[in-house]
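Results of the structural survey
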Amino acid sequence: MARPLSQHSRNIQFLEANHPLPALGEAAVGFAVLLTKWRLRSHTRMVLKQLTDSELKDIGLSRRQANTEARRLFWQT
C-alpha cells in the first residue's frame, strides 16, 4: 500500500508538474528540503529523549531504543 504524500511532497509535485524549475532552482529546493529533514530529525530526537517510559511504551519503544535513536546525529537516517 502506498504511503500518503506529505503536504511538502504535494507542493513539490505541483511545482514540478506546473512550473518546472531551472537547474539552480531545483538545487536550491533540494538543499532546502535536506535542511528541513535534518531539522525535523534533530527536533524529533530531542523530543524522544524527553518522553516518559509510559509514552515510550505507547509508541512501542524501550528507553534503551529511544536513547540509541536520540544519540544519532541529525544527518543519520
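Let me sum up the structure you'll find in this document. (Residues numbered from 1 in each chain as written. Predicted model: local features only at pLDDT ≥ 70, side-chain atom pairs only at ≥ 80, totals over all residues. Heavy atoms only, no water.)

**Examining helix α2 (residues 23-50)**
- Compared with an ideal rise of 1.5 Å per residue, which puts 28 residues at 40 Å, α2 spans 41 Å between its outermost C-alpha atoms and is within 8% of the ideal.
- Taken as a whole, α2 has its buried residues at Val33, Arg45 and Leu48. (Helix = DSSP H or I, 4+ residues; strand = E, 2+ residues; numbered from the N terminus. Expected span 1.5 Å × (residues − 1). Buried < 20%, exposed > 50% of the residue type's maximum accessible area, 1.4 Å probe, protein only.)

**A closer look at the pattern of salt bridges**
- Across all of its chains, the model carries three salt bridges by this definition.
- Among the ionic pairs, Glu69 bridges to Arg45, the shortest N-O distance being 2.9 Å. One end of the pair, Glu69, is in helix α4 (residues 63-71); the other, Arg45, is in helix α2, and 24 residues separate them in sequence.
- Among the residues examined, Glu69 registers a relative accessible area of 26% and is labelled partly exposed. (Salt bridge = Lys/Arg side-chain N within 4 Å of Asp/Glu carboxyl O.)

Read these as spatial facts, not as claims about activity.
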